[in-house]
Amino acid sequence: MKAVFYHQNPEKPQLARDIRRLEQDILRMGALVEKSFRLCHQGLFARNLTAIEEIPFLEKKIDRFYRQIESDCTLIMTAQLLTAQDLRCLSAFMQLVRDLERVGDYAQELADIAVKLFPYPAHPSIAEIAIMSHQAQAMLATSLGALANFDEVGGRGLQYLDDAVDSAYHRLYQTLASQRDIQGVVEPILLLGLAIRYLERMADHATNIGNRVAYIVTGQHPQ
Amino acid sequence: MLLLAFLLGLAVGVGFCFWLWLEVNNYLNQVLNPSTSVTSTKLPLKLAFNLPFPVASPWLAEITLIKQQNQSQQEKLQIYQDLLEYAPIGYLQVDEENQLLWCNQAAREMLYIQRWEPGKVRLLLELVRSYELDQLIEQTRQCQKSQTGEWVFHPSCENAAAMLEIKSVVLRASSLSLPQGLVGVFLENRQSLLDVNQARDRAFSDLAHELRTPLTSIRLVVETLQDRLDPPLNRLVNRLMQEVDRLISLVENCLELTRLQTNPNIQLSFHPTEVRSLLKSVWESLEPIAQGRQLNLVYLGPESIWIDADQSRIYQVLLNLLDNSIKYSPTGAEVRIEVKILTHVKTVTNNNSKAAPSLEINIIDSGVGFTNSDLPYIFERFYRGDMARTRPSIESGKSATTIGSGLGLAIVQQIIKAHGGSIKAMNHPDTGGAWLQLELPQVLTNPQSQEYSK
């Protein structure tokens, strides 16, 4: 575990503290994104529309954190003389919050889908989509855990988890796309198609976060 | 001559040195043994001649004493830490940079902290990604005051298959601001308590629901019997009818309370309502009972106040409260109603950010009041005060109708809560009787609303 990697800079305690504060803010933002994802899951699969009501407020907070973290990173970069490693860390942070923010955006999109999907009866493949959503959530949790522990191995391991989500996406896409003789409107199938697309994107962003953590620690982009 | 002067100087010098030595020894003794005056008078002479070792020995004694004290303090600290470690409620402590310094077993279980090792300092957020907990700690540090918060905690799970098995829990946290920016947080798991409460409420409402149907048929049978029986038996059936009616109203009240609790907003229809005339009509409907006991109503407050409320519900509240006041007032007394408009910001509810005024209604009687042991419970279902509160109503002779169901105040509280208001029960310092204070938001200051409702 390389939790204390930035303590390699004992001559710059201020910088270490700044980075630590930045990391804390990212984890705060991560907690909000996780919550938002969880709530939209409840809305989508348990038809709990009251859970969704909170998501726009969470989204606002997430956006505020995103902007603040980005400007804090820039401030540190311009104000202090940095080593290669610190610079790598800060630039990775900036990329990483962008990924997190995207996951939050998709959660809101999924919440909108949940509202539109509410009047229709449940689709047979909804259980499989719920499993896919769980996998994506687990990936987000893993990527944030890797960030918290600066765990390079965990960060790189996300690629393999992403394969499972990708194959679920292709399988579900085939099921939805090959439906024939549909009774009534096509909207629920369309919405589910979008939902699996968003979930697949969320998993991709989680993988990106894991890769950036590995980059912070090793200085190399994983293949 | 020179030699003499030299010797004199030497003697003075040596004398001065000796005197200084004595003084120092005296001082040392005083410092080391302030309590033992006997030794302090004896020691200097002995000390003066062989200084290093005797002086050292009190020092040594002192050092061992301090060591002993230190050790016992350490033991005490260890005991306290062990107590906290095995306490049934969770405790954790963070430093000014939100790094987790310590957490006990219960807290680790509650928050699913697996990676923490004692002595290794980590950011709390690295171990528990809970935004609510973090916010609570931040607020505590900012206000320098202890805070409490309750939220649903979902442990984050990195295994998709296990995600279904992980249950979220309702946690209540109370934080404590400690010196140097440290914050301590006590954690309680409220989930089991809430589950039990929910199960109780459900069982209660199911029971009431099941009772309603047979009761209705019993009432029908009794009604048929009433007409067909001759005078001696007739009386018994009439009595039965009264009791059945009482039971039916009890069941209805139970069901209503459940409805209000589970779905407060659906049950209300808000309209502009005038409080003064509402009070008047409530009093008029109670007048027969009030006149029988020569009670007077005294109203202090503005002539007309409009609030946005469900008129029939507020009527029910006032009827209940005034009925209680009448029941417990001595003959010939007065029931006082004081109405005020509060304009301070404190009472503003969250969804209404403007400093809207709220309405305060005080209903004060001059009966025996509540006993202190009853006060915390009077809004609970089926709670009855001690016999002092129930006796006068039995005296009045109509026991079946005037003894309340024990649900009246619970319903009142639910209605007021559904309106976004609050109710408090106290004893009035002047009259010694019960003093119920309602506070209702949504006072309408717009005069147009009066025309609208008419």
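Below you will find a few notes about this structure. (Residues numbered from 1 in each chain as written. Chains lettered and ligands numbered in written order. Predicted model: local features only at pLDDT ≥ 70, side-chain atom pairs only at ≥ 80, totals over all residues. Heavy atoms only, no water.)

What about the overall build of chain A?
- Per the secondary structure count, chain A includes seven helices and zero strands.
- Counting helices and strands in the order they occur from the N terminus, chain A gives α-α-α-α-α-α-α.
- For chain A, the proportion of contacts with a sequence separation of at least 24, taken over those separated by at least 6, is 83%.
- Of the roughly 10,200 Å² of accessible surface on chain A, a fraction of 55% belongs to carbon and sulfur atoms. (Helix = DSSP H or I, 4+ residues; strand = E, 2+ residues; numbered from the N terminus. Contact = heavy atoms within 4.5 Å. Areas by Shrake-Rupley, 256 points an atom, 1.4 Å probe, with all protein chains shown as cover.)

Regarding the overall build of chain B
- Assigned secondary structure in chain B consists of 14 helices and 14 strands.
- Across the 454 residues that make up chain B, the buried fraction comes to 38%.
- When contacts within chain B are restricted to residue pairs at least 6 apart in sequence, long-range pairs at least 24 apart make up 63% of them. (Buried < 20%, exposed > 50% of the residue type's maximum accessible area, 1.4 Å probe, protein only.)

Digging into the nonpolar core
- Counting 71 residues, the largest nonpolar core has Phe93 and Leu110 of chain A as its most contacted members.
- If you list the elements that add at least two residues to this core, you get α1 (13–45), α2 (49–52), α3 (55–79), α4 (84–117), α5 (126–149), α6 (152–177) and α7 (187–218) of chain A.
- Core analysis: the second largest hydrophobic core is formed by 52 residues, Leu321, Ile411, Ile415 and Ile416 of chain B among them. (Core = buried A, V, L, I, M, F, W, Y, C linked by side-chain atoms within 4.5 Å.)

Thoughts on helix α9 (residues 275–292) of chain B
All names here are of chain B.
- For α9, which comprises 18 residues, the first-to-last C-alpha distance of 26 Å matches the rise-based estimate of 26 Å (1.5 Å per residue) to within 8%.
- At Leu286, α9 is deflected by roughly 60°, the largest bend along its length, and proline Pro288 occurs up to four residues later in sequence.
- Looking at α9, one finds that the buried residues are Val275, Leu278, Leu279, Val282, Trp283, Leu286 and Ala290.
- Structurally, α9 contributes buried residues whose contacts are with β7 (271–274), β8 (296–300), β9 (306–309), α10 (311–328), β10 (334–342) and β11 (358–364).
- Its side-chain oxygen 3.2 Å from the backbone nitrogen of Arg276, Glu274 forms the N-cap of α9.
- Looking one or two residues beyond α9, the residue adopting positive phi is Gln294, at roughly 55°. (Expected span 1.5 Å × (residues − 1). Bend = angle between axes of the 7 residues up to and from the residue. Polar contact = N/O pair within 3.5 Å; in protein donor to acceptor, adjacent residues only side chain to side chain.)

Examining the interface of chain B and chain A
- Contacts between the two partners involve 24 residues from chain B and, on the opposite side, 27 residues from chain A.
- The junction of chain B with chain A conceals about 2,300 Å² of combined surface from both sides, 55% of it contributed by carbon and sulfur atoms.
- At the junction of chain B with chain A, the criterion picks out five salt bridges.
- A salt bridge links Asp134 of chain B to Arg28 of chain A; the nearest nitrogen and oxygen atoms lie 2.3 Å apart.
- Applying the counting criterion to the chain B and chain A interface returns nine residue pairs in polar contact (both at pLDDT 80 or more).
- Elements with a minimum of two residues in the side of chain B that touches chain A: β3 (122–123), α5 (124–127) and α6 (131–143) of chain B.
- A total of four residues in the side of chain B that touches chain A trace back to one element, the largest contributor, which is α6 of chain B.
- Of the residues in the side of chain B that touches chain A, the class split is nine nonpolar, six polar and nine charged. (Buried area = accessible area lost by both parts, 1.4 Å probe. Salt bridge = Lys/Arg side-chain N within 4 Å of Asp/Glu carboxyl O. Nonpolar A, V, L, I, M, F, W, Y, C, P; charged D, E, K, R; others polar.)

Quick look at the packing of aromatic side chains
- Scanning the entire structure with this criterion turns up six aromatic pairs over all chains.
- Measuring from centroid to centroid gives 6.2 Å for Phe65 of chain A and Tyr131 of chain B, while their planes differ by 85°, and the two rings are edge-to-face. With Phe65 of chain A in helix α3 and Tyr131 of chain B in helix α6, the pair connects residues from two separate chains. With respect to class, Phe65 of chain A is no different from Tyr131 of chain B; both count as buried.
- Ring centres of Tyr106 of chain A and Tyr198 of chain A lie 5.4 Å apart, and the angle between their planes is 35°; this geometry places the pair in the tilted category. (Phe/Tyr/Trp six-rings, centres within 6.5 Å; stacked < 30°, edge-to-face > 60°.)

Some remarks on the environment of Leu147 of chain A
All names here are of chain A.
- With respect to the helices, strands and loops of the structure, Leu147 is situated in helix α5.
- The spacing of Leu147 and Ile26 is 121 residues in sequence and 9.2 Å in space, taken between C-alpha atoms.
- Those residues in contact with Leu147 that lie beyond four places of it in its chain are Glu23, Ile26, Leu27, Phe93, Leu96 and Val213.

Structural notes on the side chain of His123 of chain A
Residue and element names in this part refer to chain A.
- In this fold, His123 is placed in the loop between α4 and α5.
- A polar atom in the side chain of His123 sits 2.8 Å from the side chain of Ser125.
- In this structure His123 touches Leu176, Gln179, Ile189 and Leu192, once residues within four positions along its chain are discounted.

As for the packing of α1 of chain A against α6 of chain B
- Interaxial distance between α1 of chain A and α6 of chain B falls to 9 Å at its minimum, and their mutual angle equals 135°. With respect to each other, α1 of chain A and α6 of chain B are oriented oblique. Along the contact surface, α1 of chain A presents Gln24, Arg28, Ala31, Leu32 and Lys35 of chain A, while α6 of chain B presents Tyr131, Glu132, Asp134 and Glu138 of chain B.
- In terms of residue class, the contact of α1 of chain A with α6 of chain B is built from three nonpolar, one polar and five charged. (Axes fitted to C-alpha atoms, helices over the stretch in contact; angles between N-to-C directions. Parallel < 35°, antiparallel > 145°, perpendicular 65-115°, else oblique.)

Structural notes on the sheet that holds strand β14 (residues 443–444) of chain B
All names here are of chain B.
- Reading across from one edge, β7-β9-β14 is the order of the three strands in this open sheet, with antiparallel pairing throughout. Looking at strand neighbours, the two that pair on one side only are β7 and β14, the edges of this open sheet.
- With four bridges connecting them, β7 and β9 associate as antiparallel partners. When the sheet's bridge partners are listed, Pro272 is paired in β9 with Asp308.
- Packed on one face of the sheet, α9 meets β7 and β9 and runs near 65° to β7. (Pairing = 2+ DSSP bridges.)

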